[in-house]
Amino acid sequence: MSAVPQPKLTPAEYLAMERLAERKSEYFAGEVFAMAGASREHNLVVGNVLSTLRQQLRGRRCEVYPSDMRVKVSATGLYTYPDVVALCGEPEFEDDEPDTLLNPTLVVEVLSESTEAYDRGAKSAHYRRLESLEEYVLVAQSLCRVEHYLRQPDGAWTLREYDDLQAILSLPAVRCELPLAEIYDKVEFPPTPS
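Residues numbered from 1 in each chain as written. Predicted model: local features only at pLDDT ≥ 70, side-chain atom pairs only at ≥ 80, totals over all residues. Heavy atoms only, no water.

Colleague: It is not clear to me how helix α2 (residues 40-57) should be interpreted in this structure. Could you clarify?
Modeller: Think of an α-helix as turning once every 3.6 residues; residues three or four places apart then point the same way. With 18 residues, α2 ought to run about 26 Å at 1.5 Å a step, and its terminal C-alpha atoms sit 26 Å apart, in line with that. Listing the buried residues of α2 in full gives His 42, Val 45, Val 46, Asn 48, Val 49, Leu 50, Thr 52, Leu 53 and Leu 57. Looking one or two residues past α2, Gly 59 carries a phi angle of roughly 80°, positive in sign. (Helix = DSSP H or I, 4+ residues; strand = E, 2+ residues; numbered from the N terminus. Expected span 1.5 Å × (residues − 1). Buried < 20%, exposed > 50% of the residue type's maximum accessible area, 1.4 Å probe, protein only.)

Colleague: Would you mind going over the packing of aromatic side chains with me for this structure?
Modeller: Remark: the centre distance and the inter-plane angle together describe each pair of aromatic rings, the angle taken between the planes. Within the structure shown, the criterion is met by six aromatic pairs. Site record: aromatic cluster; members linked through ring pairs are Tyr 14, Tyr 27 and Tyr 79. Stacked on the ring of Tyr 81, the Lys or Arg Lys 24 has its end atom at 5.3 Å from the ring centre. (Phe/Tyr/Trp six-rings, centres within 6.5 Å; stacked < 30°, edge-to-face > 60°. Lys NZ or Arg CZ within 6 Å of the ring centre and 35° of its normal.)

Colleague: Sorry, what's going on with the side chain of Glu 147 here?
Modeller: Along the chain, Glu 147 turns up in strand β10 (residues 146-151). Given the relative accessible area of 5%, Glu 147 is considered buried. Side chain to side chain, Glu 147 and Arg 120 meet in a polar contact 2.7 Å long. Setting aside residues up to four positions removed in sequence, Glu 147 forms contacts with Arg 120, Tyr 136, Val 137, Leu 138, Leu 159, Arg 160 and Glu 161. (Polar contact = N/O pair within 3.5 Å; in protein donor to acceptor, adjacent residues only side chain to side chain. Contact = heavy atoms within 4.5 Å.)

Shown next, in the form of structure tokens:
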């Protein structure tokens, strides 16, 4: 038996469906992809990053959102839900519903075994097509490792890696700092094999 191909959805059909759905799904090229649940460590890291950024952005023309803010990469047509997204300036939305952001300044993804390859590869390539995006941060959840990608004035991206809990990640685009000790607060790393 062969599988029956599913009809392709338009972006408008996806948004109409997604706005009524109980669970989040990504959308690309007419296809909808259900998102998996997150581990305790993943949720701790997301909460720590979100709360640290929110505190530092208080009183400024900047906003930070958790993973319920959908982001559209207009250049490629991807609709996705970053773990944390921030912007400084006026938010731009796809339509009259303020639930699909078009102009993030910073995207943070927390890596899990099931998403790491996608977050580093195809999803990263989509994000880099966002004209507004200046910083992309990947945070491991099972060990102390943060990767910070920063867009340079010529459009090239540079990478800086952090693996020390005493380190402080500087985010110049949103003028914030993320101490790794705060990112990993209450996160217990599994023992490393000897």
